[in-house]
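Coordinates in review
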Amino acid sequence: MRASGAVGLRRLRRLRPRTVPSRLRWFTAGCLLLTAVLGAVGLTTAFGAQSAWSAIGDRQAPQVVDAAGLYQALTDLDAQSANLIMFGADGSLASQRTAALSAYTADRATADRDLQRATLDAAGNASVQQALQDVLDGMGRYQDLDGRALALNDAAHRPAGRSDAAAVADYSQATDLMRTTLLPAADRLVQANNDAYNQTYDTERSTLATGLWWTVALGVAALAALIGLQVWLAARFKRLINPALAASTLLVLLFTGLAGSMWADEREHLRYARRDAFDSVVALSRARAVVYDANADESRYLLDPGRAAQYQDAFEAKSQQILALSGASISDYDSALAAAVTAYRADHADVRFRGFYGTEFHNITFTGERAAAEQTLAAYQAYERDDRTIRALAASGKLDQAIAFCTSYAPGASNATFADHDAALQKLIGINSAAFDQGVKDGRGELASRIPLLAGGLGLALVLCLVGVRPRLREFRG
């Protein structure tokens, strides 16, 4: 064992550079290697960040929004079908019928478009593919039932609110399929796409943190090696400054500083785009889809008295999804909401509601966002109050008035209030969407502007390192 160890030590000693030129070559190779590895880590991290931004900005975020749009189109399609059956052949509701037919046609086109996009985008994501397949499987069956219900209704020529029983029965099957299969599948599609974005976000933020650590560590090592080489050259060759090596050292220092600050900036751009902006986009887009579904429950409630209690419960559950008030039922929801709004106005930090709007009010960040959120909240309050008017009219036997109030777009009617809320909500979504787009643009822009500088600067540092030592090596050849 001792003989073997001695042999190993002798071999190691033979590997040590013994002459000044060989030492200089070894020192130079070490500096070049550390600088090259620093550059490789930096550029790999930068290109990875570019790829992440492409995935987020070009695919994943739009897929989330499209999936939420599909949910909304499906539920409004069902709502307009309920309206058309409920209107019957009543001439006094001709304008509402025309509006419902127009919305029904638009919803079908939107659903078809979003399904086509989702089909193209689903490759490689098993959760998205399964949710999409569930939507596609149910859509054909829904259209058969809904089409039959509408045909029976058109043939019956019944007055408003006294719809053909067979048409209502077929519609009930269609809406059950919508609420138990299609909408849950569409919601899973939203969640699966949002999960994919979150995974990219978490992975890339972690990668950037690791890249920052390695950039600093390798940068310090490369700087130490370059400074050490210059100190050794100064001592050995009696030259205080090697301009090329000094320039190379400065470039490595600049690379380390720029790259390190860029990884920190990119992490912040990612957080800004996701947490400050897109978290609100998701919550508000889902709120918009669920509000449309709640609006459909009002039409179902008036169309089918035999299932009115079921549809009222569904409306209440969706109200709690949109804006949750602990312990509130449909009978005291308005007073509980008014109390929560009063508390919020006294202290903006005192947000006593949860749900999608609770998420938004806890995440108000951008210029104009608070005013837009408050406008949306006020419009939602008005819409909820109108719902109680609809139910009071129906309960007092004034079904025709309830239908007219529920479906009219005249000022003061429920659908007009619904439209006001939808416009305010879209404005609020737009503020956050614009901020998200700006975050993506800033993240991409910083990478696009700095990558050429970093690559060129480090390449020049390698060349200058070689230029700095070459004259010293020539001295020994002479």
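Now for a description of the structure that goes with this document. All of these numbers come straight from a predicted model, not from anything done at the bench.

**Focus: the overall build of the chain**
A count of helices and strands for the chain gives twelve helices and zero strands. The N-to-C order of helical and strand elements in the chain reads α-α-α-α-α-α-α-α-α-α-α-α. Principal-axis analysis of the C-alpha atoms gives the chain an extent of 110 × 50 × 45 Å. Among the 478 residues that make up the chain, the fraction classed as buried is 50%. Restricting to contacts in the chain with at least 6 residues of sequence separation, those with at least 24 account for 80%. When the accessible area of the chain is evaluated, it comes to approximately 21,500 Å², of which 58% is carbon and sulfur surface. Across the chain, the mean location of the 49 positive side-chain charges is 23 Å away from that of the 49 negative side-chain charges.

**Overview of the side chain of Arg286**
Relative to the elements of secondary structure, Arg286 occurs in helix H6 (residues 243–303). Polar contacts involving the side chain of Arg286 include one to the side chain of Gln191, which spans 3.4 Å. With residues near it in sequence (within four places) discarded, Arg286 still touches Asp187, Val190, Gln191 and Phe356.

**Structural notes on the packing of aromatic side chains**
Under the criterion given, the structure shown has twelve aromatic pairs. One aromatic cluster is present, built from ring pairs that chain together Tyr292, Phe315, Tyr383 and Phe418. Sitting above the plane of the Tyr197 ring, Arg274 keeps its charged end 4.5 Å from the centroid. Over the aromatic face of Tyr301 sits the side chain of Arg391, whose NZ or CZ is 4.5 Å from the ring centroid.

**With respect to unusual backbone geometry**
The phi dihedral of His157 is positive, around 50°, even though this residue is not glycine. Tracing the chain through its elements places His157 in the loop between helix H4 (126–156) and helix H5 (165–237).

**Some remarks on the environment of Ala100**
Checked against the element boundaries, Ala100 lands in helix H3 (residues 94–121). Looking at Ala100, the relative accessible area reads 3%, which means it is buried. The residues touching Ala100, leaving out its near neighbours within four places in the chain, are Gln80, Asn83, Leu84 and Phe87.

**Describing the pattern of salt bridges**
Oppositely charged side chains can pair when the atoms bearing their charge come close. Applying the stated rule across the entire model yields 26 salt bridges. Asp293 is paired through a salt bridge with Arg300; the nearest N and O atoms lie 3.5 Å apart. Exposure remark for Arg300: the relative accessible area of 0% places this residue in the buried category. Put simply, Arg391 and Asp387 hold a salt bridge, and the shortest N to O gap is 2.8 Å.

**Some details on the packing of H3 against H4**
For the pair H3 and H4, the least separation of the axes is 12 Å and the interaxial angle reads 160°. In terms of their interaxial angle, H3 and H4 are classed as roughly antiparallel. Relative to H4, the crossing made by H3 is left-handed. Taken together, the residues of H4 that come into contact with H3 (itself represented by Arg97, Tyr104, Arg108, Leu115, Ala118 and Thr119) are Leu132, Val135, Leu136, Gln143, Asp146, Leu150, Asn153 and Asp154.

What counts and how
- Residues numbered from 1 in each chain as written.
- Predicted model: local features only at pLDDT ≥ 70, side-chain atom pairs only at ≥ 80, totals over all residues.
- Heavy atoms only, no water.
- Helix = DSSP H or I, 4+ residues; strand = E, 2+ residues; numbered from the N terminus.
- Buried < 20%, exposed > 50% of the residue type's maximum accessible area, 1.4 Å probe, protein only.
- Contact = heavy atoms within 4.5 Å.
- Areas by Shrake-Rupley, 256 points an atom, 1.4 Å probe, with all protein chains shown as cover.
- Lys, Arg positive; Asp, Glu negative; His and termini not counted.
- Charge placed at Lys NZ, Arg CZ, Asp CG, Glu CD.
- Polar contact = N/O pair within 3.5 Å; in protein donor to acceptor, adjacent residues only side chain to side chain.
- Phe/Tyr/Trp six-rings, centres within 6.5 Å; stacked < 30°, edge-to-face > 60°.
- Lys NZ or Arg CZ within 6 Å of the ring centre and 35° of its normal.
- Salt bridge = Lys/Arg side-chain N within 4 Å of Asp/Glu carboxyl O.
- Axes fitted to C-alpha atoms, helices over the stretch in contact; angles between N-to-C directions.
- Parallel < 35°, antiparallel > 145°, perpendicular 65-115°, else oblique.
- Left-handed = near helix turned anticlockwise from the far one by under 90°.

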